[in-house]
Amino acid sequence: MIAKPYLGDPNFERSVVLICEHSEDGAFGLVLNQSTGNILSDFFDDVHAGIPVGIGGPVEPHTLHFLHTRGDAVEDAIELMEGLYWSGNFEQIKTLVNTGVLKETDIRFFLGYSGWGEGQLEEEIREEVWVLTDARIDIVFQPDTGRIWQSVLRNLGGNYIIMANSPVDPRLN
């Protein structure tokens, strides 16, 4: 789902969120296009790869989450959609990253997550805070995360192209 411009919440301003789990109790997702400016090896001495770490959301910012394409090689991975997995055995992940089996094009790391309580996300959708679209693996692993928001909106076409080109501050338009 894609945040509409001028959302007013800095945690989700111009963000694209992959909803990983949704039930009557609430929702869990990861912001795909916010960077920490850090790489994985900044947090783990036993990891020797320069894979960027994003901000998954404002909830529990000291927890690490990851999305990847290798459910066949990672125990306890949870399939979100065909070819896309969340979580799994982190020791295996570190080994696969260190040996180059998992590359930046196969895995994304995030600090924190985005969470909504019971009915909260549904209310935001009714209020048209979010644009809904199907998840796509090419967007999840797009290397230029700074362009994900505009790219997804432009691909939707129509009025979304105008939205994608809107300035960050409408007073400057």
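Look up: the structure comes first, before these words.
Here the residue numbers are simple positions, counted from 1 along each chain's written sequence. Reporting of local features is limited, given that this is a predicted model, to residues whose pLDDT is at least 70; pairs of side-chain atoms are given and counted only at 80 or more, and all residues count toward the totals for whole chains, interfaces and linings. Remark: hydrogens and water are excluded; side-chain values derive from all non-hydrogen atoms of the structure.

## Side note on the overall build of the protein chain
By definition, any uninterrupted DSSP run of H or I lasting at least four residues is a helix, any uninterrupted run of E lasting at least two residues is a strand, and each is numbered from the N terminus. Counting its secondary structure elements, the protein chain contains five helices and ten strands. Taken over C-alpha atoms, the radius of gyration is set against a globule rule of 2.2 Å times the number of residues to the power 0.38. At 16 Å, the protein chain has a C-alpha radius of gyration in line with the 16 Å of a compact globule built from 173 residues. Dimensions of the protein chain, computed from the C-alpha atoms along their principal axes, are close to 50 × 35 × 30 Å. When a residue's accessible area, from a 1.4 Å probe over protein chains only, is under 20% of the maximum for its type it is buried; when over 50% it is exposed; and in between it is partly exposed. Split into buried and exposed, the 173 residues of the protein chain put 41% on the buried side. Sequence separation of 24 or more characterises 59% of the internal contacts of the protein chain that already satisfy a separation of 6 or more. All accessible areas in this document rest on Shrake-Rupley with a 1.4 Å probe, and a residue is counted as covered only by the protein chains that are shown. Approximately 9200 Å² of the protein chain is accessible, and the part contributed by carbon and sulfur atoms is 49%. The positive count covers Lys and Arg only, the negative count covers Asp and Glu only, and His and the chain ends enter neither. Here the site of a charge means NZ on Lys, CZ on Arg, CG on Asp, or CD on Glu. Across the protein chain, the mean location of the 11 positive side-chain charges is 11 Å away from that of the 27 negative side-chain charges. A contact between two residues is defined here by any heavy atoms of the two lying within 4.5 Å.

## Section: helix 1 (residues 90-98)
Three or four residues apart is the spacing at which side chains of an α-helix point the same way, because the helix has 3.6 residues per turn. Phe 90, Ile 93, Lys 94, Leu 96 and Val 97 are the residues of helix 1 that are buried. Projection of helix 1 onto a plane perpendicular to its axis shows the buried side chains occupying an angular sector of 165 degrees, all on one side. Whenever a nitrogen or oxygen atom comes within 3.5 Å of another N or O atom, the pair is scored as a polar contact, on the condition that within protein one atom can donate a hydrogen and the other can accept it, and that pairs from neighbouring residues in sequence are kept only if both atoms are in side chains. Looking at where helix 1 begins, the residue whose side-chain oxygen comes 2.9 Å from the main-chain nitrogen of Glu 91 is Asn 89. Following helix 1 by one or two positions, Gly 100 has its phi on the positive side, about 80 degrees. This arc corresponds to the set of directions leading from the helix axis out to the C-beta atoms.

## Concerning the pattern of salt bridges
Close approach of charged atoms allows side chains with opposite charge to pair. Whenever a carboxyl oxygen of Asp or Glu lies within 4 Å of a side-chain nitrogen of Lys or Arg, that contact is scored as a salt bridge. Using the criterion set out here, one finds seven salt bridges in the structure. A salt bridge links Arg 136 to Asp 138, with the nearest nitrogen and oxygen atoms 2.6 Å apart. Using a relative accessible area of 36% as the deciding quantity, one classes Arg 136 as partly exposed. Taking the relative accessible area as the measure of exposure, Asp 138 reaches 46% and is therefore partly exposed. Beyond isolated ion pairs, a larger network of salt bridges with shared partners links Asp 46, Glu 91 and Lys 94.

## Here's the deal with the environment of Arg 108
Looking at the element boundaries, Arg 108 is found in strand 9 (residues 107-116). Sequence separation of Arg 108 and Asp 72 is 36 residues, and the distance between their C-alpha atoms is 17 Å. Ignoring sequence-local partners within four residues, the contact set of Arg 108 consists of Leu 32, His 65, Phe 66, Leu 67, Val 140, Phe 141, Thr 145 and Ile 148. A polar contact of 2.7 Å, which involves the side chain of Arg 108, links it to the backbone oxygen of Val 140.

## Digging into helix 4 (residues 148-156)
For helix 4, the complete set of buried residues consists of Ile 148, Trp 149, Val 152 and Leu 153. All buried residues of helix 4 fall inside an arc of 125 degrees around its axis, so they share one side. On its buried face, helix 4 sits against strand 1 (2-3), strand 9, helix 3 (137-140) and helix 5 (159-164).

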